[in-house]
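Next come the chains, spelled out residue by residue.
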Amino acid sequence: MLKKDNCQSYTIEAFRFYAAMGRPTFLQAKAKVVIDAVKNCGGDEQAAILAGQTAVRDNTAMLLDIYAVEKMLEILKFAHKDYIIRAVEEVYFVSPKAPLKRGALTARVRRAAFTLYCDERTVYFHLREARRLFASLRGLRMDDKKERSL
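Throughout what follows, the structure given in this document is the object of discussion. (Residues numbered from 1 in each chain as written. Predicted model: local features only at pLDDT ≥ 70, side-chain atom pairs only at ≥ 80, totals over all residues. Heavy atoms only, no water.)

As a further point, take the packing of aromatic side chains. In this structure the tally under the stated criterion is five aromatic pairs. A centroid spacing of 5.4 Å and a plane angle of 75° characterise the contact between F26 and Y67, whose relative ring orientation is edge-to-face. One end of the pair, F26, is in helix α2 (residues 26-38); the other, Y67, is in helix α4 (residues 60-78), and 41 residues separate them in sequence. Classification of Y67 by relative accessible area gives partly exposed; the value is 39%. Every member of this aromatic cluster is reached through a ring pair, and the members are Y10, F15, Y92 and F134. (Phe/Tyr/Trp six-rings, centres within 6.5 Å; stacked < 30°, edge-to-face > 60°. Helix = DSSP H or I, 4+ residues; strand = E, 2+ residues; numbered from the N terminus. Buried < 20%, exposed > 50% of the residue type's maximum accessible area, 1.4 Å probe, protein only.)

Attention now moves to the packing of helix α5 (residues 82-92) against helix α7 (residues 120-138). Running from N to C, α5 and α7 point in directions that differ by 95°, and their axes come no closer than 9 Å. In terms of axis orientation, α5 runs roughly perpendicular to α7. Taking contact as the criterion, the partners of Y83, I84, A87, V88, V91 and Y92 in α5 are, on α7, V123, H126, L127, E129, A130 and R131. Split by residue class, the contact of α5 with α7 holds nine nonpolar, one polar and two charged. (Axes fitted to C-alpha atoms, helices over the stretch in contact; angles between N-to-C directions. Parallel < 35°, antiparallel > 145°, perpendicular 65-115°, else oblique. Contact = heavy atoms within 4.5 Å. Nonpolar A, V, L, I, M, F, W, Y, C, P; charged D, E, K, R; others polar.)

Another point: α2. Counted at 1.5 Å a residue, the expected span for α2 with its 13 residues is 18 Å, and the 18 Å between its end C-alpha atoms agrees. If you check which residues of α2 are buried, you get A29, V33 and A37. Seen from one end, α2 has its buried residues packed into an arc of 70°, which puts them on one side. Among the structural elements, α3 (45-58) and α4 are those in contact with the buried residues of α2. (Expected span 1.5 Å × (residues − 1). Arc of directions from axis to C-beta.)

Here we take up the nonpolar core. Counting residues in each nonpolar core, the largest one holds 34 residues, and the members touching the most others are F15, M72, V88, Y92, F93, V123 and L127. Mapped onto this core, the elements with two or more residues apiece are α1 (8-20), α2, α3, α4, α5, α6 (104-116) and α7. If one sorts the elements of this core by residue count, α4 sits on top with eight residues. With sequence-adjacent residues up to four places away left out, F15 is seen in contact with V69, M72, V88, Y92, F93, A130, R131 and F134. (Core = buried A, V, L, I, M, F, W, Y, C linked by side-chain atoms within 4.5 Å.)

Attention now moves to the pattern of salt bridges. All chains considered together, the criterion is met by seven salt bridges. Put simply, K71 and E74 hold a salt bridge, and the shortest N to O gap is 3.2 Å. Of this pair, K71 and E74 both sit in helix α4, three residues apart, roughly one helical turn. The residue E120 makes a salt bridge to R110 at a minimum N-O spacing of 3.5 Å. In this pair, E120 sits in helix α7 while R110 sits in helix α6, placing the two residues 10 residues apart along the sequence. (Salt bridge = Lys/Arg side-chain N within 4 Å of Asp/Glu carboxyl O.)

This is how it looks when you write it as C-alpha cells:
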C-alpha cells in the first residue's frame, strides 16, 4: 500500500475540476468569471466593474487552482516529462464530472499502467510527482519529515 500524502484529496479534486471546466487557461477562466458577473449588471459601467472585481476576489481559490494546474502541465511539458502528463490525464481527467466511486482510481491506474507500458507503482509515483508539483505551485504545505521536526 502506498503512503497517502496530506494534499492528495485536494490536488485530485483540483485536477478533476480543471478537466471538468474543459482545461481552460487561467485567463480564460478569469474572463468567464468576470463575464458571468457582468451579465447581471445591465448597462451600469461602475456596477459592472465592481461586480467583476468582486467575482474575481470571490473566486480567487478556484482561479489559483486552475493557474497551478496549468503551470504544472507546462513545467512537465517543458521538462519533457510527457509520461507524467499522460498518467495524470488517464487517471484524473477521465469523467471529471462523475462522482468518484470506490476503486475507480485504482482501476484507472491499472489501465494507465497497461497503456503506458509500466508498472502500477510507477504510475502512482508519477501521479505523486504531479501532485507535489501542483502543491508547491499552489502554495500548499507539503508533508515532509523536515516540517514535522520543527
